[in-house]
Amino acid sequence: MQIQQEKHTKKLQKCKVYGPCAIDFVSSNTGSWRIERPVIEYDNCIKCGTCKRYCPADLITVDKEKRECITIDLNYCKGCGICANECPMECIEMVEERGTN
Amino acid sequence: MFNIKSEAKGYVAHGVSACAGCGMELIIRNVLDVLGNDITLVIPPGCSALFCGFGSETGLKVPAFQGNLENSAAYAAGISRGYEVQENTHTKVVAFAGDGGTLDIGLQSLSGMMERGDNVLYICYDNEAYMNTGIQGSSATPAGAWTTTTPGGKPVCKKDLLGIAMAHRIPYCASASVANLPDLRKKVEKAKNIYGPRLLHIQCPCPTGWGYHTSKSIEICKNAVQTGAWVLYEYEAGRIKVNTKLKVLKPITEYFKYQKRFANISKEDMEALETFVQDNYKALLERSE
Amino acid sequence: MTHYKMLDGNTAAVEAMKMARVKLISAYPITPQSTIAEKLSEIVEAGELAAAYIRVESEHTAMSCAIGAQLTGIRTATATASVGLALMHEVLNVASGCRVPIVMPVVNRSLASPWSLWCDHQDSMAERDSGWIQLYCENVQDVYDTVLMSYRIAEHPEVLTPVMVCLDGFFLSHSMQKLEILKQEQVDQFVGEYCVNNLKLDPADPMVIDNLTGSDEITEMKYQQAAGFERSRSVMNEVFEEYAIMTGRKKAVVEGYRTEGADAVVVTLGSMSGTAKYVVDQMREQGKKVGAVKIVSFRPFPYNELKEMLKGVGRVAVIDRTTGFGGQGAPLWLEVKTALGSNVIINDYIAGLAGRDIHTGTIQAVFENLMNSREEAEKPVWIDCDIENAMNIREVERYV
C-alpha cells in the first residue's frame, strides 16, 4: 500500500545517470536477414499452434476464428524454417524472398 | 524505467540478433514467460549478452546486469541477498549463462553459490561450445564433436553438470529441452517457487556451431532425447526422476544426422559414444523413482 | 563523552564498518586481513551488526557479491590483501566502471612470487589504474577515521567512485593502539543512510546495467569517471573539514611535517610516515633542516598541494614500498617527479619490501644518501638491499 502511495506522490522525471546502462527497449530489423519466408497453405492447417510454439522469435499468432488463422510478423522473421519443419500437416512452405520462383 | 520503442508480446524484443533457428532465443522467451517480470537477470558475456543489447538499446524489459564470464552465480548471490536484506523476498534472481561460463570458468562461483544455499535460479543454456567467440570447445562439448579447438573431434566426454549440482545436494535441479517445451515450462515453474540454489540445464541447439540447417533445431533436440544423448530428468529433495522413460533408445546415428560437427566421427568413436550414452541412460533409470 | 579503545588496525576497520551500518558482507580470508572477515562474522552472529554475511569462496566472488548487492541499494563490506586483491582485479574495474561506491580496506601485503606474508605496497600499487580512490593510513586511529570518511567521499553523487583504504599489513593491521571511537549517533549523522541513486537494480525501476557499449560512448563514460576523480579532490577536503570539526582530527590529502625551511624532505606512504617524522625530529635537533611529507591520497594524487608544500625544497627522497620494475622509478616517485619537475633532485628509494622494517636507520640512510647526491640518482636506490650479496643468496648442487 505504501509503495502505491509513493508511486502516486513521486513524479516520473528525467535523471542523469553515469555509467553503462540501457533503457531503450528496441527490436532490430531482423526481418532483413531472411532469404526465405514461411507461407501457409490453409487447406490443411488444423490450427494446432505447433508453429507458434516453436518460433524462436515468438512471431506467430493463431486466430482460431479465422480460416487464415496465422499471422507472422515479417518485420522480424529470420526465415529459419522451424515452423515449416515442425508443422505436423506440412502445410508451411519456405518461399524464396527474392521471388525467383 | 524503460522507453518502450518497440512492441513485444513478452519481455524480450522480437528482433534480437540471435542466429536464425537459435535455441537460446526460444528458451529465454519461455523462461521469462513463466517467471514474469518480477525478476532480475544476471547475464555473462556470450550469446545471451545479446539480449542485454548495445549502448542505450536493449532487448529486455526486465532488470538485468551483465557481469563477467565466470561470476554470474556470484553476482546473482549478492543481488539475491541484497534484496533479502531489504525485505524483498518476491523478486526472483535468475542467472542465464552458457555452458562455458557455467562448467568451465564459471564452475567455481557456481559451486560456491550452491554450497552456501544462496537463493538463485541458475539456468544454463548449453549449446555445447563457446559459440559466441566462434565455436571453441568447452567441457560441455560432447565426445567426438568438432569445434575449432577440437578439430579431430573432442577426445574426452562431456562434464556432467547435473551430477555436479547433485553433489552439492541443492534443493532442485533438472535437465530440459526445447524438444519438450511443456516439460521445460513446468520445470521453470517448479524451480521458481523453491527457495535456495536451483539449476536448470537446458540443451540449446545451435545451427551455426553444430552445422545444420536452421529449420532442424527442434527436430535435432527431439532426436537427442530419443537416442538418450540428452536425458530429461529432475533431482528434487535428494531423489532422481527420469521424465521421459523410453523402452528402447534410437541408435545414436539418429542424433548425429544433419550435424556437421559429427560428420567425421569414426565408427569406433561413434560406437563408444553410443555405449556411453546408453549406459548413462540405464544408470539414471536405475536411480530414478 | 569521548570513549577510547585499544584496537588493532583490522579491528578498527571493522568497528568503522559496523558503525557505518553495512548491510552485507562478503569477505574471503587472507593473511593479514583474515581477522576482518572473522570479526565481521562474529558481530553478525552476535547480533551486534544487522547484516547478511556471504561466506564467499574467493576474493573474485567477494567483490562480485558486493557489487551485485550494492547495486540493489545497500552499503556493503569487503576487505582483502595481496594476491586476494590481485584476484579481484578484473572485478575492481566493474565496480569503478559501474560507479559502485564500495569502501574496502586493503591490508597491504607483498604479492607472490616469492611468497611472503608481510607488508609492502605491491598489491595496491598494482591497482593504481583501477579507477578506485586510494587512501593510505598512518596509524590505527587513522584507519578508523579514514574508513568512516570514505563512505562520504565514495557515495557523494558527483564522485560515485569506490575507495580502497590501505593499511600496512601487520604494522597496522595487528598493532594495538589506543583510538577514540565516536558515538553511534555521531556516525549515523556523519555517514548517513545509503542513498546512491545512479545505476541500480530495482524491479520497480528496471534498467539493464553494464551491457556492451560502443566506441562512440565509452570515451565519454570514462571521462565521467575522470570527472568523478576530479570532484573527489574537493569533496575529500570538505569531508576532512567536517570530520575535523566533529573530532578535532584534521586530515589532508597530503600532510607536511616540519617542511618549513627544509633543505631535504622525505615523501612517505603508510605507516612508515610515523617513523619518518620521528627521524625528522631527531635530525632537526642536530640542526639539519629536514622535513617529511606524507601522501594520504595516492589516487587522486595531490600534485598541486605537493608542489605548493615543497616550494623551494631542493632535495626530495621518495620511499617506494614497492618494486616498480622497468620504470625510470617506482610508482610514488613517478608521481612526485611529474609533480615537482626537473629543478629539484628527487631520488627514488626502494625500501621495506615484504615486511622488511623501515626503521629509523632506514630513514637516516635515505637522508644521508640524498644529502650526498650531487645530482639526481639515475635509477632507484635500493637503500635497504644487500646489493653486494643479492645475486648469491641461493646455491644448489646439480648435475651439469
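Residue numbering note: each chain is counted from 1, following its sequence as written. Lettering for chains starts from A, numbering for ligands starts from 1, and both go in the order in which the items are written. This being a predicted model, a pLDDT of at least 70 is required before a residue's local features are given, and a value of 80 or more before pairs of side-chain atoms are given or counted; all residues contribute to the totals for chains, interfaces and linings.

Draft legend 1. View of the overall build of chain A. Labels follow the DSSP assignment, with helices taken as runs of H or I lasting at least four residues and strands as runs of E lasting at least two, numbered in each case from the N terminus. Looking only at helices and strands, one finds 3 helices and 6 strands in chain A. The helix and strand sequence of chain A, counted from the amino end, reads α-β-β-β-α-β-β-α-β. A total of 101 residues make up chain A; the buried ones form 35% of that total. Across chain A, the fraction of contacts at a sequence separation of at least 24, relative to all contacts at a separation of at least 6, is 66%. Partly exposed residues are those whose C-beta has more than 12 but fewer than 20 other C-beta atoms within 10 Å; with 20 or more the residue is buried, with 12 or fewer it is exposed, and the C-beta atoms are placed from the backbone. The contact rule is simple: place each C-beta atom from the backbone, and if two of them lie within 7 Å, those residues are in contact.

Draft legend 2. Spotlight on the nonpolar core. By convention in this section, buried Ala, Val, Leu, Ile, Met, Phe, Trp, Tyr and Cys residues joined through C-beta atoms within 7 Å make up a nonpolar core. In terms of nonpolar packing, the biggest core is built from 246 residues, with Ile123(B), Val165(C), Val265(C), Val267(C) and Ala317(C) touching the most fellow members. It is helix α6 (residues 140–155) of chain C that provides the largest number of residues to this core, a total of 9 residues. Three or more residues apiece are contributed to this core by two domains, here domain 1 (3–209 + 225–247) and domain 2 (256–371) of chain C. Non-local contacts of Ala317(C), meaning those with residues more than four positions away in its chain, are made with Ala264(C), Val266(C), Val267(C), Asn347(C), Tyr349(C), Val366(C), Phe367(C) and Leu370(C). A domain assignment, automatic or from a database, supplies the domain bounds used here.

Draft legend 3. Up close: the interface of chain C and chain A. Listed as interface residues are 14 residues of chain C and, on the opposing side, 7 residues of chain A. Among the elements of the structure, β9 (208–209) and α8 (218–247) of chain C are those that each provide at least two residues to the side of chain C that touches chain A. Three classes are used: nonpolar for Ala, Val, Leu, Ile, Met, Phe, Trp, Tyr, Cys and Pro, charged for Asp, Glu, Lys and Arg, and polar for all others, with Gly counted as polar. Looking at the side of chain C that touches chain A, its residues break down into 7 nonpolar, 5 polar and 2 charged. Note on pairing: two strands pair once DSSP finds at least 2 bridges between them. Here strand β1 (residues 21–22) of chain A pairs with β9(C) via 2 bridges, running antiparallel. Its bridge partner lying in β9(C), Ala22(A) is registered against Val208(C).

Draft legend 4. Representation of the sheet that holds β1(A) in the model. The sheet built from 10 strands is open, its strands ordered β1(A)-β9(C)-β4(B)-β2(B)-β5(B)-β6(B)-β8(B)-β7(B)-β9(B)-β10(B) with mixed pairing. Either end of the sheet is taken by a strand with one partner, and the two such strands are β1 of chain A together with β10 (239–242) of chain B. With 3 bridges connecting them, strand β2 (residues 39–43) of chain B and strand β4 (residues 64–66) of chain B associate as parallel partners. Bridge pairing in β4(B) links Val42(B) to Phe65(B).

Draft legend 5. Quick peek at the confidence of the model for chain C. On a scale of 0 to 100, pLDDT captures the predictor's confidence in every residue. Across chain C, pLDDT averages 97, with 100% of residues at or above 70. Both scores are available for the predicted complex, with the pTM at 0.97 and the ipTM at 0.97.

Draft legend 6. Structural view of unusual backbone geometry. Residues and elements named next belong to chain C. Put simply, Thr 31 and Pro 32 share a cis peptide bond, and its omega is -5°. Here the amide bond leading from Arg 299 into Pro 300 is cis, since omega sits at 0°, within 30 degrees of zero. Even without being glycine, Arg 99 reaches a positive phi, approximately 60°. Here Arg 99 is to be found in the loop between α4 (82–97) and β5 (103–108).

Draft legend 7. Quick peek at the sheet that holds strand β10 (residues 254–257) of chain C. All names here are of chain C. With respect to topology, 5 strands assemble into an open sheet ordered β10-β12-β11-β14-β15, the strand pairing being mixed. Both edges of this open sheet fall to β10 and β15 (345–350), since each of them pairs with a single strand only. Averaged over all pairs of adjacent strands, the angle between their axes in this sheet comes to 20°, without regard to strand direction. Relative to β15, strand β14 (residues 315–320) is paired through 6 bridges, and the arrangement is parallel. What sits directly across from Arg 315, in β15, is Ile 345. Here an angle of 0 to 180 degrees is reported between the N-to-C directions of two axes, which are lines fitted to C-alpha atoms, with helices fitted over the stretch in contact. With respect to the sheet, helix α9 (residues 272–285) is in contact with β10, β11 (264–269), β12 (290–295) and β14, its orientation differing from that of β12 by roughly 165°. Of the strands in this sheet, β11, β12, β14 and β15 are in contact with helix α12 (residues 360–371), which crosses β11 at around 135°.

Draft legend 8. Focus on the interface of chain C and chain B. Facing the 38 residues of chain C at the interface are 37 residues of chain B. Going through the elements one at a time, α3 (59–71), α4 and β9 of chain C are the ones with two or more residues in the side of chain C that touches chain B. In terms of residue count, the dominant contributor to the side of chain C that touches chain B is α3(C) (9 residues). A per-class count over the side of chain C that touches chain B returns 19 nonpolar, 11 polar and 8 charged. The pairing of β4(B) with β9(C) spans 2 bridges and is parallel. Within β9(C), the position partnered with Phe65(B) by the bridge is Ile209(C).

Draft legend 9. Quick peek at the pairing of β12(C). All names here are of chain C. Counting buried positions along β12 gives 6 out of 6 residues, so the element sits mostly inside the fold. Residues of β12 alternate between two faces, with Val 290, Ala 292 and Lys 294 on one and Gly 291, Val 293 and Ile 295 on the opposite face, all of them buried. Taken together, the 4 bridges between β10 and β12 define a ladder with antiparallel strand orientation. Of the residues in β12, the one forming a bridge with Val 254 is Ile 295. Crossovers are marked right-handed if the path from the first strand over the helix to the second runs clockwise, as seen with the strands pointing away from the viewer. For the handedness criterion, the β-α-β arrangement of β11, α9 and β12 is classed as right-handed.

Draft legend 10. Representation of the domain arrangement of chain C within the structure. Residue and element names in this part refer to chain C. With domains assigned, chain C is organised as domain 1 (3–209 + 225–247) and domain 2 (256–371). Computed over C-alpha atoms only, the centres of domain 1 and domain 2 are separated by 27 Å. Across the boundary between the two partners, domain 1 contributes 27 residues, which contact 20 residues of domain 2. Secondary structure elements with two or more residues in the side of domain 1 that touches domain 2: α5 (122–125), β6 (133–136), β7 (163–168) and α8. Of the residues contributing to the side of domain 1 that touches domain 2, the split by class is 14 nonpolar, 8 polar and 5 charged.

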